[in-house]
Structures are given as C-alpha cells and as structure tokens.
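Structural overview
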Amino acid sequence: MFVSDFRKEFYEVVQNQRVLLFVASDVDALCACKILQALFQCDHVQYTLVPVSGWQELETAFLEHKEQFHYFILINCGANVDLLDILQPDEDAIFFVCDTHRPVNVVNVYNDTQIKLLIKQDDDLEVPAYDDIFRDEEEGEEHSGNESDNGSEPSVKRTRLEEVGQSSGWSLRGPGVAGIQQALVLTLDSAIPWLRGFRRDILFDYEQYEYHGTSSAMVMFDLAWMMSKDLNDMLWWAIVGLTDQWVQDKITQMKYVTDVGILQRHVSRHNHRNEDEENSLSVDCTRISFEYDLRLALYQHWSLHDSLCNTCYTAARFKLWSVHGQKRLQEFLADVGLPLKQVKQKFQSMDVSLKENLREMIEESANKFGMKDMRVQTFSIHFGFKHKFLASDVVFATMSLMESPEKDGSGTDNFIQALDSLSRSNLDKLYHGLELAKKQLRATQQTIASCLCTNLVISQGPFLYCSLMEGTPDIVLFSKPASLSLLSRHLLKSFVCSTKNRRCKLLPLVMAAPLSVEQGTVTVVGIPPETDSSDRKNFFGRAFEKAAEGTNSRTLHNHFDLSVIELKAEDRSKFLDALVSLLS
C-alpha cells in the first residue's frame, strides 16, 4: 500500500526499531541512503546496511538476516515485482519500499499489511482498480462454491451479471426474467475465462512499459524537510540523485526541469546570506548554487578539448568519429575564438580573460552549429574556495567508483568507496572517481567510433542490434549494467546523428556485451527509441521475458532494471529471432 504520511507511518515506526537497509547499486539509491543514514544518526536509530546489485543478492541477504529483523527498508529495488512472492517472508515482516522503478507491482500496491510503498502519488502511476484485477476471479470462485453448497442463486452473482448486461445494452428486468437469469447463472463458469482474459489485458497494458518516477533521494529529502531536519548536505545528495536520473536518461526533460525547480527553492532557502559581516559565510563552508552551465562532461576537471571530444552530446553532433567531424570541431573552436593551446590544457590553467565569458561564447557558437541545448539547468557545490563540482561531475565519479573493474575490489568494496565519495570529508575518493570517469568516457567514445566505423550497428527489422566482441579494447569497462546502458544510449544517439535512413532513426537498440567467457554468458540491454518526444518508457523488459519463454533460452533476469538480462551466448541467435518476430 502507498504510505500517505511518511513521518508518521514510516519514520516514527522504525525510529525505535533495529532496521535492515537494502540499497541498490545506483547513484540515486546511494544518495537516498546517505540522507537516511544522516537522519538515523540524528535520532540514534540502529540499522544494518546491505548493498545489493540484483535479485539473487537481495534474496540471499534476506535469508541471511531475516531472523534478526522485522523491519526492512529497500531503496531502488522491490517495487516492480511481487516482493512477497520472491522473498517468502514471515507474516510479521514489514517492508518499506522507496523505489523509482515503474510500474509498481499491483500486489505490492494492494497489500495493506506487509508492503509499505514510500512513493510519491503525484507521479502518474495509473494503477488499475482493485476490482478490475482481483475481484472478478475471487467472486467467480466464491459464487461457484455458494451454488454447490445450497443450490440457491447468489445475489452478488446476479449483480455482476446485471452489470455485464447493462454494459452490453440488454436488461435483466421484466416478466419471465427469472428463467433467463437462471440460464445465465449456469453459463457463469464459461464467463470466468473471459473475465480472466479481461484481467490479463489490463495487467498487460499496465506492465508492458518500464519507466522511472521521482528520484528516491528527493523523496528522502522531502521526509527530512517535513521533519525540519534537512541540511545542506542532504539537499546536495537530493540534487545528485536527480542529476543521476537525467544523466542516464531515466526521466524526461520536462520532469527534470520540474524537479530542478523544486530543488532550486530549497537551495535558495539554505544558501541565502546577506552581504553584511554578521551573516557572511565562512571561507571553508559548503555552498550550493543554481547554475545555467555547459553540457560538457567534467570540463572543469579536464581540458575543454577532451571534454568536447568525450561528451556524448557534442561528439554525436560533430560526428567526431569521422575526419569531417574533427574538422567541424576545429571550425567550432575557431568560431568561439579559443586558441588550441588554451583548449588543450587543463581548464583550471586557462587564461582568466578567456574563462570570463566562456559559457556565453560557447553557447552562441553552438547555436550556429545546430546545438540548441548546449547549456542546461544544474547545480554546483563549493567546498571553500578550492573545490567546486557540478552535480553531473559527482554522478560520473560515483558511478565510475561503483562499477570500477579493478580486480582487487569486490562489489561491496566498490559500493562503500562510492558511498564515501559523497561525503565532504572524502574528497580524495571523489577526485579518484573523476579520474576513473574520464577513462570510462574516453573508452565509451572510442567504442562508439569503432562500432560506427565498422558498421557493427545493424537493423534487425523492428530494432537495431549491436554486439561487442570478446577482445574489444576496454571491454571490461562495459561488463556492468549501468556502464553498458550508458554506452548503449550514447551509441544510439550517435547512430541517429550519423545515419541518413529515416526509419532507422526511429528504432530502439538492443546491445550485447560479453559478461563471462568461462560461463559463456553475455549481458543484453534494450534501449528505447531516441526521439525528441520520447517519454523514456522501455518495452524491452517484457519483450525479453516473452522471447526467452518462447524459445527456452537460458536467461537470468537478475537486474532491478527489467531491460537488462544475462543470456547464454549460444542461445543468442534463437533469442534474437524470437525478439524480431515478437516486435514485428
């Protein structure tokens, strides 16, 4: 069930309990976790934190800890499946689920006792009515039982038939109707399959698309604000959580701008100071400010040239994988009036005179080159005078730390490193994350250039398909789901910019990358079409399930995002054939 009063029905319930916290491996979940940890620390709430990267880890961790806890909090996992069916908990276990994955499973929505959903209901949830999903079948079974027990005609069954009759345009009123009713009652059993089909259709319409709702970090910040315990640090984590959704194309531009507006009001409230000495900020203090900044990845911690070459938005529009694209980049820099010597050195070392109006100059030239969205609404944070980060910088750094392929780090170690990097006291970890992010972005653009130049992106009819071969440079960097999804999205954007085939511009993309050579498995990701009006809804989750069922392909649906699966390499061709016929 949906929780309406987060403070009373959630926080005050767990405040005096020992709770278990399951946190998914994504940046938004980490930020929500940091806010909740800060609240728990404030109120001395005892908790155990367990990072989980998929359903198998969640099940294993739950079995391991279920005897010690009655209250479980799940962040960015658990809403889009029947949680009780998967975990099989005791009847006294209570689950609080704060998850951005949509659609929310209907069993979770209508379970009043064990599942408590910490989800904003102003999101467009479109949950089917209880009667449409559960009541028909229950009534059918109940009435069949009643009839066999006492042979009398149940009144509720008549009511249901009257409703069906009215919707069909005929009436159950008038002389001699009793006999007709009796005949209709006898055919109720044959009507039950129709009712089940009706229910199946409603569920299919509701569950066919996967998408994302309000950031979990923003939901947790709202809770802190409601309790007057919100701090600047918590606000920054909420900003990073929202920016993670935008960077990974999980939400629409409209939703992003709306949520930025909400956070902007909080930023003004927390960071407003008069200029007089009494209210001036300490030199070493944390300051958050709203920015209308360049859409260039990590440019303040890199050189401007490297950032232009490795940001998806600019690389795709200049077509930097071609010689002509490199020439266009040179023309662009000449139009801006930036010497190559300045552009290729670290941004911090550029002439101050050039940096003064840099954003306006780049935006003006970008408009001439057809890049209308070169500047975006975002936020930055200052730690004293020396350290300044944009929200997107922190997202890339944290994501890279969490999915780092370094051999000496386990998944849990990477999670802890990423979680620590969000604290001001661990700036060295954040800077390390920035270096890993640069490596990741560079590898992403090199892989995209390789795929496009060797025509690896092919049309399968209803979708585009690209497969990375074992031995591809930097392939290990794309073995994790978030990195592969980001590569796939960037590849699709670049392909749309490069192809002249209008039909191909409207197609979704399926991408496969090697996961384990020993086990012979690949990771498969489905990306929705790249269009201006895209609502970011992804239909591949259900399509993958159906294709795997229809061909008995050996797949593992272990990721919280349903559009990411693991597949046996030898089953790939029959799986793709089934997917083509399913979507044609």
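All of the points below concern the structure found in this document. (Residues numbered from 1 in each chain as written. Predicted model: local features only at pLDDT ≥ 70, side-chain atom pairs only at ≥ 80, totals over all residues. Heavy atoms only, no water.)

Looking now at the overall build of the chain. The helix and strand tally for the chain stands at 25 helices and 16 strands. Taking all 584 residues of the chain together, the buried fraction comes to 54%. Sequence separation of at least 24 residues holds for 70% of the intrachain contacts in the chain that already meet a minimum separation of 6. Put simply, the chain shows about 26500 Å² of open surface, and 49% of that area lies on carbon and sulfur atoms. (Helix = DSSP H or I, 4+ residues; strand = E, 2+ residues; numbered from the N terminus. Buried < 20%, exposed > 50% of the residue type's maximum accessible area, 1.4 Å probe, protein only. Contact = heavy atoms within 4.5 Å. Areas by Shrake-Rupley, 256 points an atom, 1.4 Å probe, with all protein chains shown as cover.)

Turning our eyes to something else, we now look at the packing of aromatic side chains. Here the structure, examined in full by the defined rule, presents 24 aromatic pairs. Judged by centre distance (6.4 Å) and plane angle (85°), the ring pair of Phe-463 and Phe-540 falls under edge-to-face. A residue pair is termed long-range when its members are at least 10 positions apart, and Phe-463 in the loop between β11 (458–459) and β12 (464–467) and Phe-540 in helix α24 (residues 540–551) qualify at 77 residues. In terms of burial, Phe-463 and Phe-540 fall into one category: buried. Relative to Phe-540, the ring of Phe-539 has its centre 4.7 Å away and its plane inclined at 35°; by these criteria the two rings are tilted. What makes Phe-539 partly exposed here is its relative accessible area of 23%. Pairwise contacts between aromatic rings join Phe-10, Tyr-11, Phe-40, Tyr-47, Tyr-71 and Phe-96 into one cluster. A cation sits over an aromatic face here: Arg-295 above Tyr-313, 4.4 Å from the ring centre. (Phe/Tyr/Trp six-rings, centres within 6.5 Å; stacked < 30°, edge-to-face > 60°. Lys NZ or Arg CZ within 6 Å of the ring centre and 35° of its normal.)

This paragraph deals with helix α18 (residues 358–368). Residues of α18 that are buried include every one of Leu-358, Ile-362, Ser-365 and Ala-366, and no others. On an axial view of α18, the arc spanned by its buried residues comes to 105°, and they lie on one face. Away from its buried face, by an angle of more than 90 degrees, α18 presents the exposed residues Glu-364 and Lys-368. Residues of α18 that are buried make contact with β8 (286–294), α13 (304–310), α15 (323–336) and α17 (352–356). (Arc of directions from axis to C-beta.)

Spatially, 6 strands are ordered β11-β12-β13-β14-β16-β15 in an open sheet, and the strand pairing comes out mixed. Whereas interior strands pair on both sides, the edge strands pair on one side only; in this sheet they are β11 and β15 (555–556). Looking at chain direction, strand β13 (residues 509–516) and strand β14 (residues 521–527) are connected through 7 bridges and run antiparallel. Directly across from Leu-509, in β14, lies its bridge partner Ile-527. Across the sheet, helix α25 (residues 572–583) is in contact with β12, β13, β14, β15 and β16 (564–568); its angle to β16 comes to roughly 135°. (Pairing = 2+ DSSP bridges. Axes fitted to C-alpha atoms, helices over the stretch in contact; angles between N-to-C directions.)

Here we take up a negative patch on the surface. There is a patch of like negative charges on the surface, built from Glu-67, Asp-90, Glu-91 and Asp-92. With respect to the helices and strands, Glu-91 occurs in the loop between α4 (83–87) and β4 (94–98). (Patch = residues over 30% accessible without salt bridge, like charges linked within 9 Å, V, L, I, M, F, W, Y side chains within 5 Å. Salt bridge = Lys/Arg side-chain N within 4 Å of Asp/Glu carboxyl O. Lys, Arg positive; Asp, Glu negative; His and termini not counted. Charge placed at Lys NZ, Arg CZ, Asp CG, Glu CD.)

This part is about the sheet that holds strand β10 (residues 387–390). Strand order in the open sheet formed by 3 strands is β8-β9-β10, and the pairing between neighbours is antiparallel. Each of the sheet's edge strands pairs with one partner strand only, and the pair in question is β8 and β10. Here the strands of the sheet are splayed against their neighbours by 25° on average, with no regard to which way each runs. In the sheet, β8 pairs with strand β9 (residues 375–383) via 9 bridges, with the strands oriented antiparallel. When the sheet's bridge partners are listed, Leu-294 is paired in β9 with Arg-375. Against the sheet, helix α11 (residues 232–247) touches β8, β9 and β10, its axis set at about 25° to β8.

Pairing of side chains with opposite charge becomes possible as their charged atoms draw close. For the structure shown, the criterion picks out 19 salt bridges. Here Asp-222 ties to Lys-120 by a salt bridge, and the two come within 2.9 Å at their closest N and O atoms. In this pair, Asp-222 sits in helix α10 (residues 216–226) while Lys-120 sits in the loop between β6 (115–117) and α6 (130–150), placing the two residues 102 residues apart along the sequence. With respect to class, Asp-222 is no different from Lys-120; both count as buried. When the shortest N-O distance is used, the salt bridge between Asp-306 and Arg-442 registers 3.8 Å. One end of the pair, Asp-306, is in helix α13; the other, Arg-442, is in helix α21 (residues 427–453), and 136 residues separate them in sequence.

Before going further, it helps to examine the nonpolar core. One finds Phe-22, Phe-95 and Trp-236 to be the most contacted residues of the largest nonpolar core, which totals 113 residues. Those residues within four positions of Phe-95 in sequence are excluded, and the remaining contacts are Phe-62, Phe-72, Leu-74, Leu-83, Leu-84, Leu-87, Pro-89, Gln-114, Ile-115 and Lys-116. (Core = buried A, V, L, I, M, F, W, Y, C linked by side-chain atoms within 4.5 Å.)

By themselves, these figures tell us nothing about what the structure is for.
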